[in-house]
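Notes for the structure review
Listed here are the chains, written in short residue letters.
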Amino acid sequence: MPVATDGSGTRPALLGRTPEQLEEIIAGIDGDAKRARMRGRQLFHWIHFRGATDFEAMSTLPKATRAALSENWSVGRPEIVAEQRSQDGTRKWLLRFADGQEVESVFIPEEDRGALCISTQVGCTLTCTFCHTGTMPLVRNLGPAEILAQIMVARDSLGEWPTGGDDRLFTNIVVMGMGEPLFNYDNLATALRLAMDEEGLNLSRRRITVSTSGVVPKIEQCGRDLGVGLAISLHAVRDELRDELVPINRKWNIEALLDACRRYPTRRPITFEYVMLKGVNDSDADARELVRLLEGIPAKVNLIPFNPWPGTIFECSSNNRIRAFAAIVEATGYASPVRTPRGRDILAACGQLKTASERARRRAA
Ligand code: SAH
Ligand code: SF4
């Protein structure tokens, strides 16, 4: 069985902690408050900029400090249960954390960029009817270290430590994996702040997008605190249908959601995700209503062909229908790209994430 390489699981992780928190840890070890600040930053740099997983390699720290760290702490890599590669270059990792819970993350290479799609929860408390993740019974929030660990694993696997610059494969983060990110806002915010830290991964907020099904009270906070790009899982233009497809709509309806979008405090266009479900939400009238609703919001519409999963009642709209829908939206000036499904052969496409062991458990039941 594969095991974590850095002792995670038995010792607490340093990943997910701020430079100041690392400083405190170092001060506790060295008993040297004067140097702790510098050493805390060095430790942060080794972990977040160099991607070090072995304390022994952290050569700027005194030998005794390294030894004490490795005795009591882990860097914070989870166990990689599986890494799958799709024919189209998409990679998917199944990660297992200390308590045995698992999540998936997906790397999607494109010509000029590469996005890592990360998860924020094990499963999802919401039950959008077209989403495989929404059928998982087990749910818990991921901690900041567990959210960040997905980024670290991708960097490890792509061999992109510590080289920076424009030739990197992995350039963007989309928070569109398992779970509703804004239901785990505090941990997400901690993780993203650390990922944006200039001394560490130094990812730009312009290269990070958070997707939400519509947790209205957190949307504004997310824009204000983090300034990242926003994607909204709209999927229906009438409350009656959205109540069924995206049940959180019963709490915060379309009007409340779009109001929050109008107030979103960044100038970047908001992406509206719209899954194309045959005979359900894909008519010309739906497309016309969609553009009416979006009036006044700087927006882009991302049409997502429905990705099927075992047992679903939905079907994907035909290519002609998707094209006709896109044409109506585009005629009013909104960009309306159709998202090419990636990694369908390894069940890595949008809405297909549900951990393999979960699938196996169900088969056995
Ligand atoms: N929970 C967040 C982020 C994860 S889902 C959210 O709902 O926004 C990422 C996107 O994939 C969402 O727009 C989601 O609605 C969509 N999606 C879910 N299941 C899908 C499926 N089977 N086919 C296509 N898209 C799907
Ligand atoms: Fe959760 Fe998003 Fe899936 Fe809905 S679409 S069940 S919010 S992961």
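Residues numbered from 1 in each chain as written. Chains lettered and ligands numbered in written order. Predicted model: local features only at pLDDT ≥ 70, side-chain atom pairs only at ≥ 80, totals over all residues. Heavy atoms only, no water.

Listed in full, the buried residues belonging to helix α8 (residues 254-262) are I254, L257, L258, A260 and C261. One side of α8 carries all its buried residues, which in axial view fall inside an arc of 155°. On its buried face, α8 sits against α6 (216-226), β9 (229-233), α7 (239-245), β10 (270-276) and α9 (284-294). (Buried < 20%, exposed > 50% of the residue type's maximum accessible area, 1.4 Å probe, protein only. Helix = DSSP H or I, 4+ residues; strand = E, 2+ residues; numbered from the N terminus. Arc of directions from axis to C-beta. Contact = heavy atoms within 4.5 Å.)

The next subject is the packing of helix α1 (residues 19-30) against helix α3 (residues 63-72). For the pair α1 and α3, the least separation of the axes is 10 Å and the interaxial angle reads 110°. When the axes of α1 and α3 are compared, the pair comes out roughly perpendicular. In this structure, α1 meets α3 at a crossing whose hand is right-handed. Contacts between α1 and α3 involve I25, I26, I29 and D30 from the former and T65, A68 and L69 from the latter. (Axes fitted to C-alpha atoms, helices over the stretch in contact; angles between N-to-C directions. Parallel < 35°, antiparallel > 145°, perpendicular 65-115°, else oblique. Left-handed = near helix turned anticlockwise from the far one by under 90°.)

So, on to the site of ligand 1. Around ligand 1 lies a shell of 21 residues, among which G179, S211, S233, H235 and N307 are the nearest. G179 places a polar main-chain atom, nitrogen or oxygen, 2.8 Å from a nitrogen atom of ligand 1. S233 places a polar side-chain atom, nitrogen or oxygen, 2.5 Å from an oxygen atom of ligand 1. Protein chains bury 95% of the 530 Å² of accessible surface belonging to ligand 1 in isolation. Mapped by element, the contributors of at least two residues to the shell around ligand 1 are β8 (208-212), β10 and β11 (299-305). When grouped by side-chain class, the residues that make up the shell around ligand 1 number 10 nonpolar, nine polar and two charged. (Near = heavy atom within 4 Å. Polar contact = N/O pair within 3.5 Å; in protein donor to acceptor, adjacent residues only side chain to side chain. Areas by Shrake-Rupley, 256 points an atom, 1.4 Å probe, with all protein chains shown as cover. Nonpolar A, V, L, I, M, F, W, Y, C, P; charged D, E, K, R; others polar.)

A few words now on the packing of aromatic side chains. Inspection of every chain in the model, using the stated rule, returns three aromatic pairs. Plain terms: the ring middles of F107 and F170 are 6.3 Å apart, the flat faces sit at 65° to each other, and that makes the pair edge-to-face. Placement of the pair is F107 in strand β3 (residues 102-109) and F170 in the loop between α4 (144-158) and β7 (172-175), with a sequence separation of 63 residues. For the pair F107 and F170, one class covers both residues: buried. Aromatic pair F306 and F314: ring centres 6.2 Å apart, planes at 70°, arrangement edge-to-face. Judged by its relative accessible area of 1%, F306 falls in the buried class. (Phe/Tyr/Trp six-rings, centres within 6.5 Å; stacked < 30°, edge-to-face > 60°.)

In terms of domains, the chain is made up of domain 1 (19-72) and domain 2 (79-364). A separation of 35 Å is found between the C-alpha centroids of domain 1 and domain 2. Taken together, the contact between domain 1 and domain 2 spans nine residues of the former and 10 residues of the latter. For the domain 1 and domain 2 pair, buried surface summed over both sides reaches about 840 Å², with 63% attributable to carbon and sulfur atoms. Looking at the side of domain 1 facing domain 2, the largest losses of area belong to F44, H48 and F49, adding up to 59% of the total buried there. Applying the counting rule to domain 1 against domain 2 returns zero salt bridges. Counting the contacts that link domain 1 with domain 2 gives one residue pair in polar contact (both at pLDDT 80 or more). (Domains from an automatic or database assignment. Buried area = accessible area lost by both parts, 1.4 Å probe. Salt bridge = Lys/Arg side-chain N within 4 Å of Asp/Glu carboxyl O.)

Notably, N202 is not glycine yet its phi reads approximately 55°, a positive angle. The topology assignment puts N202 in the loop between α5 (185-196) and β8. A relative accessible area of 44% means that N202 is categorised as partly exposed. For H235, which is not glycine, the phi torsion reads 65° and is therefore positive. Considering the arrangement of structural elements, one finds H235 in the loop between β9 and α7.

Another point: the pairing of strand β1 (residues 79-85). Here β1 pairs with strand β2 (residues 91-96) via six bridges, running antiparallel. When the sheet's bridge partners are listed, E79 is paired in β2 with R96. Turn length for the β1-β2 hairpin, with the two strands adjacent in sequence and antiparallel, is five residues, and the turn residue G89 shows positive phi of about 95°. (Pairing = 2+ DSSP bridges.)

A few words now on the site of ligand 2. Near ligand 2 you find C124, L126, C128, C131, G134, G179 and S213, and these make up its full shell. Tallied by class, residues from the shell around ligand 2 come to four nonpolar, three polar and no charged.

Our next topic: α6. Because each turn of an α-helix spans 3.6 residues, side chains separated by three or four positions in sequence point in the same direction. Here α6 has its buried residues at V216, I219, C222, G223 and L226. Here the buried residues of α6 occupy an arc of 115° about the axis, which is enough to place them on one side. Directly beyond the C-terminal end of α6, a positive phi value near 65° is found at G227.

With that settled, consider the sheet that holds β7. On the basis of which strands lie adjacent, the open sheet formed by nine strands has the order β1-β2-β3-β4-β7-β8-β9-β10-β11 and mixed pairing. Two strands close off the open sheet at either side, each with one partner strand: β1 and β11. Direction aside, neighbouring strands of the sheet carry axes that sit 20° apart on average. Sheet topology note: the β2/β3 ladder contains six bridges and is antiparallel. Looking at β3, one finds that W93 is bridged to S105. Contacting β1, β2, β3, β4 (114-117) and β7, α4 crosses the sheet at an angle of about 130° to β2.

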